[in-house]
Amino acid sequence: MAYQDLYAAWKADPERFWTEAAQAIDWTRPPSAAHFDQGPAGEWFADGLVNTCWNAIDRHVEAGHGDRIAIIHDSPMTNSVSRLTYAQLQDRVARLAGVLVARGVGKGDRVILYMPMIPEAVQAMLACARIGAIHSVVFGGFAAHELAVRIDDARPKAIIAASCGLEPGRTVAYKPLMDRAIDEARHKPDFCIVFQRPECTAAMTPGRDLDWAEATAAATPAPCVPVEGNHPAYILYTSGTTGQPKGVVRHTAGHLVALAWSVRHIYDIGAGDVFWVASDVGWVVGHSYIVYGPLVAGATTVVFEGKPVGTPDAGTFWRVIADHGVKSFFTAPTAIRAVKRDDPSGAMVGQYDLSSLKAVFLAGERADPDTITWTEDRLKVPVIDHWWQTETGWAIAANPLGVGLLPIKKGSPSLPMPGYDVQVLDEAGHPVPPGTLGAIAIKLPLPPGTLPTLWNAEARFRKSYLDHFPGYYETGDAGYIDDDGYVYIMARTDDVINVAGHRLSTGSMEEVLASHPAVAECAVIGVADALKGQAPLGLLCLKKGVETDHAQVAAEVVRMVRDRIGPVAAFKTACVVDRLPKTRSGKILRATMAKIADGEEVKTPATIDDPAILDEIRAALAGVGYPVRN
Ligand code: COA
Ligand code: AMP
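Let me sum up the structure you'll find in this document. This one's a predicted model, so the numbers in the text were calculated from it and none came from an experiment. (Residues numbered from 1 in each chain as written. Chains lettered and ligands numbered in written order. Predicted model: local features only at pLDDT ≥ 70, side-chain atom pairs only at ≥ 80, totals over all residues. Heavy atoms only, no water.)

## Focus on helix H13 (residues 369-379)
Convention followed: Relative accessible area decides the class of each residue, using a 1.4 Å probe on protein chains only: under 20% of the type maximum gives buried, over 50% gives exposed, and in between gives partly exposed. Helix numbering and strand numbering both begin at the N terminus, where a helix is a DSSP run of H or I of at least 4 residues and a strand a DSSP run of E of at least 2. By definition, the arc is the one covered by directions from the helix axis to the C-beta atoms. Note on contacts: a residue pair is in contact if any heavy atoms of the two residues lie within 4.5 Å.
Every buried residue belonging to H13 is among Thr-371, Ile-372, Trp-374, Thr-375 and Leu-379, and all of these are buried. Seen from one end, H13 has its buried residues packed into an arc of 165°, which puts them on one side. Next to the buried residues of H13 lie helix H11 (316-324), helix H12 (333-342), strand S19 (359-362) and strand S20 (383-385). One or two positions beyond H13, positive phi appears at Lys-380, with a value near 60°.

## Focus on the packing of helix H3 (residues 52-65) against helix H5 (residues 119-131)
When two helices pack together, you describe them by how their axes are tilted relative to each other and by the distance separating the axes. Here is the rule: All axes here are fitted lines through C-alpha atoms, helices being fitted over the stretch that makes contact, and every angle between N-to-C directions spans 0 to 180 degrees. Working rule for handedness: look at the near helix, and if it is turned counterclockwise from the far one by less than a right angle, call the crossing left-handed; if clockwise, right-handed.
At a minimum axis distance of 7 Å, the contact between H3 and H5 shows a crossing angle of 120°. Taken as a pair, H3 and H5 cross one another with a handedness that is left-handed. The segment H3 lies against H5, with Thr-52, Cys-53, Ala-56, Ile-57 and Asp-58 engaging Leu-126, Ala-129 and Arg-130.

## Comments concerning the site of ligand 2
As a reminder of what qualifies: A cutoff of 4 Å decides nearness: a residue is near a molecule or strand if any of its heavy atoms lies inside that distance of it. Polar contacts, as used here, are pairs of N or O atoms within 3.5 Å; protein pairs need one atom able to donate a hydrogen and one able to accept it. Residues neighboring in sequence count only if both atoms are side-chain atoms. Here the accessible surface of atoms and residues is derived via Shrake-Rupley with a 1.4 Å probe, and residues count as covered only by protein chains that are part of the display. Polar here means any residue outside two lists: the nonpolar Ala, Val, Leu, Ile, Met, Phe, Trp, Tyr, Cys and Pro, and the charged Asp, Glu, Lys and Arg; Gly therefore counts as polar.
Contacts to ligand 2 come from 14 residues, most closely from His-386, Thr-390, Asp-477, Arg-492 and Arg-503. Thr-390 places a side-chain nitrogen or oxygen 2.5 Å from an oxygen atom of ligand 2. Here Asn-498 contributes a side-chain N or O atom positioned 3.4 Å from an oxygen atom of ligand 2. Contact with the protein chains hides 92% of the accessible area of ligand 2, taken as 490 Å² for the molecule alone. Of the residues in the shell around ligand 2, the class split is three nonpolar, five polar and six charged.

## So, the site of ligand 1
As a structural note, the neighbourhood of ligand 1 is formed by 23 residues, with Glu-167, Arg-170, Lys-532, Arg-562 and Lys-572 the closest of them. Contact distances for ligand 1 include 3.3 Å between a nitrogen atom and a side-chain N or O atom of Tyr-174. Separating an oxygen atom of ligand 1 from a side-chain N or O atom of Lys-532 is a distance of 3.0 Å. Coverage of ligand 1 by the protein chains reaches 83% of its 930 Å² of free accessible surface. Looking at the shell around ligand 1 residue by residue, the class counts come to 11 nonpolar, six polar and six charged.

## Observations concerning H5
What counts, and what does not: What a helix should span is 1.5 Å times the count of its residues minus one.
With 13 residues, H5 should reach 18 Å at 1.5 Å per residue; the first-to-last C-alpha distance of 19 Å fits that figure. Burial of H5 is extensive: 13 of the 13 residues sit out of reach of the surface.

## Focus on empty space enclosed by the protein
Counted only if it meets this: Within this scheme a cavity is a closed region of a 1 Å grid, computed over the protein atoms alone, that accommodates a 1.4 Å probe without allowing it to escape, whereas a pocket is open but has protein on both sides within 12 Å along at least five of seven lines; lining residues each have an atom within 4 Å of a point. Grid points are joined across faces, edges and corners, and a volume is the space filled by probe spheres set on the points.
Taken as a whole, this structure holds two cavities of 30 Å³ or more when the rule is applied. For the largest cavity, the lining is made up of 15 residues, of which Gly-42, Glu-43, Trp-44, Thr-450 and Pro-452 are closest to its centre. Mapped by element, the contributors of at least two residues to the lining of the largest cavity are strand S2 (43-44), strand S15 (246-251) and helix H9 (252-265). Along the lines of polarity and charge, the residues of the lining of the largest cavity split into seven nonpolar, six polar and two charged. The calculated volume of the second largest cavity comes to roughly 70 Å³. Forming the boundary of the second largest cavity are 13 residues, of which Thr-52, Ala-129, Ala-133, Ala-233 and Thr-252 lie nearest the centre. Contributions of two or more residues to the lining of the second largest cavity are made by H5 and strand S14 (232-238).

## Quick look at unusual backbone geometry
A cis amide bond links Thr-311 to the next residue, Pro-312, at an omega of -5°. With respect to the helices, strands and loops of the structure, Pro-312 is situated in the loop between strand S17 (300-304) and H11. Phi at Asp-268 is positive, roughly 60°, even though this residue is not glycine. Its relative accessible area of 28% is what places Asp-268 among the partly exposed residues. Phi is positive for Lys-380, close to 60°, though the residue is something other than glycine.

## Details of the sheet that holds strand S16 (residues 274-277)
What counts is decided by this rule: We call two strands paired when DSSP finds no fewer than two bridges between them.
Ordered by their spatial adjacency, seven strands build an open sheet running S5-S4-S17-S16-S18-S19-S20, and the pairing between neighbours is mixed. Edge positions in the sheet fall to strand S5 (80-85) and S20, since each of these pairs with one other strand and no more. Averaged over all adjacent pairs, the angle separating strand axes in this sheet is 20°, with direction ignored. Judged from the six bridges that link them, strand S4 (residues 69-75) and S5 form a sheet pairing that is antiparallel.

## Considering the pairing of strand S9 (residues 164-167)
Sheet topology note: the S9/strand S10 (residues 170-173) ladder contains four bridges and is antiparallel. Bridging from a neighbouring strand, Gly-165 pairs with Val-172 of S10. In this antiparallel pair of consecutive strands, S9 and S10, the connection spans two residues, and Gly-169 shows a positive phi of 80°.

Next up, the structure:
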C-alpha cells in the first residue's frame, strides 16, 4: 500500500488501523479496543495484557530462532566485537530479572539505569520489562546532580550501573558518580547492581551493592510477567524549560505496537535484518531503535561504543556497516558533519563494501541540506530526515522506506506518519495556510507509543503540552507545511536548545550560573555551531561592588555547569556584560542576543527597554570571537 493510501486508511478509521497493527504483537489477553478515552490525553490498548520482553526475545526463541543474532556489540573503545544470540540474551535477561525479583523488585517498581553502550545496558532494560518494573535510563554524560534529581523524582527501588564508561582519552568512572548522586538524593534505593568493567573496577558499598556477574550467576531465571497495556514501560527524562526535567512516560502496549509498525514501515527492518542506530541507550532514539524496535521485529541490533571520528578515524561508520552487513543506518546530522570535517572528500567511504546498506536515517536536529547531499553523493543511498521527540517515541514525520520512498525534499523530514494529524497554528490556535510559519501542533489523540502523561506531574503535562492549543498536542517546534504537505521544522518555541543532537535546557544552565556568588543575573542562549548545530553561551551580569576577575568567574561557571549538569551540556563559553537587554516588562531578549552572536542583522525590537544595551552586547560578543554585525 502506498503512503497516501496508508495515511488515508488511518484517517478514515484509526481504530481499525491500530487494531490491525496490534496483530504484530503477542498478547496474553488481546485488548477489547484500540483507543481508550481515559487519562489526560487518551490511552491505547489499555485493557490488554502483554509483556515487552516476551515480544522482544522469548517469542523469537519459542519460534525456533534462538540461534539468530540479537545484539552485535562493536566497541572501538575496547577494540572488541561480540555477539549475543536471542537464546543467550533470553538467559542473561531472565537471570538479571531473577536478581531483581529476589530482592523484591516487582511490577511498577522503578529501576534507574546508568550505563554506557554495552550489551548489559540493553539486558538491564529488558530485565525490567520482563518483570513489569519501570526503568529509567539516565544518559552517562549527565553528572551526579542530574542523576540525583532523577532519583528523587522516580524513587527507584534499585539502581543498575556499570563501573565506567569509556570516552576518547578518558575513562568515566560511573560508580563514584552514582555514589555521589545517592548521597545527594533524598530518596535512597534499596540496593544497586554494579557491572564491573575491566577498564575500571569500582569499590563496592557492602550491604548495598551487588556484583552483576556474581548475582546473575547465582540467580534463578524469572519468567515474563504480563502487564496491562497502559502499564508504564519506562520513564525517560527530557529537558524542559526549568532545571526539573520532565519524566516522559511510555505505556507498554502502545509502545510495542508503534515500534513494530514503525520499524517495518519506516526503516524497512524485519526479522534477520541488521539495524544500526548510532545513538545511545540514554536517549529516546536508543530506547526505540537500538533496543526495543529491532528486537520486537526479530532483527539484529548493533550496539556501538565509539564516536563518529577519532575512534580511530572518520571511516568507523563505514567499517561497522561493512563488517556487520547493516541494512538501515540511523544517526544524527552532527555525527555526519564530524565525519565530513575529518574526511571532506569522503575518501574513506571507498575503503569499505557498503553493498548491504539501503538507507541512512537522520534525526535529533534539523538535517541541513549540505549534510544530506554530502552523504547521498558518497553513499549512493537515500538519506532520510525524520522528525520526532522524546515525547512521541517514534517519528511524527518521515519518509517511509518500508512503504515506498516518497520524493525527498531536502530541509524537510517529509510527511506525517499515520496517527499524526500535524497542523501549523497561529498564536490564537487557528490553522494557517501552507507556507506560513507557526507553532506545530498535533491534533489529539496522539497515536500509540506517544506519551500519555508525565511521571507524577499530570498538571505539568497539561500545562506543557495541552493547555495552549485546546484539542492539540503542542510540539514546542515551529515551522511550516508546504503545498505538498511536507513539514519543515525551523526552530523551537521554548528555551530548549539542540547541541549535537542532544536536547538541553538553557533554563537549567541559567539556574547553575545564577548560583555563582558573584552573579547577579544571567542568560544562556544557543548560538550557531558548525559542528554541533548549536552551542550554549552564557552571559553574566555581576553583582555591583563585588571585586572579581571577569575571566575567573566565566571559567568558574563553565566548570560548575560541567560538574552539575554534565559534560554533555558542552557549556564552554561565558562572558561578562554590564546589562542584559530586556523588554519593558522585564523579559530578557534571548533570541535577539542569539541572532547577534550568529552574525545576523538585528532590528531593534520595538519592546526593548533600552536600545543602547544591544551595542554593549555586540561589543562583548565580538570580544569573545562571535561574528557580530553592527
Ligand atoms: N558518558 C560520559 N561523558 C560523555 C558521554 C557519556 N556517555 N557522552 C558524551 N560525553 C562527554 C564527551 O566526552 C564530551 O566531553 P568533553 O567536553 O570532555 O570533550 C562531552 O560529553 C560532549 O560530548 P559530545 O556531544 O559527544 O561531543 P564531542 O565533542 O565529544 O563529539 C560529535 C562531537 C559530533 C562527534 C558527537 O556529539 C556525536 O557523535 N554526536 C551524535 C549525537 C547523537 O547520536 N545523538 C543522538 C540523537 S539521534
Ligand atoms: P529529543 O526529545 O531530544 O529527541 O529532541 C526533540 C527535538 O529535537 C524536536 O522537538 C526538534 O526540536 C528537534 N528535532 C528532532 N528531529 C528533528 C528533525 N529531523 N528536524 C528538525 N528538528 C528535529
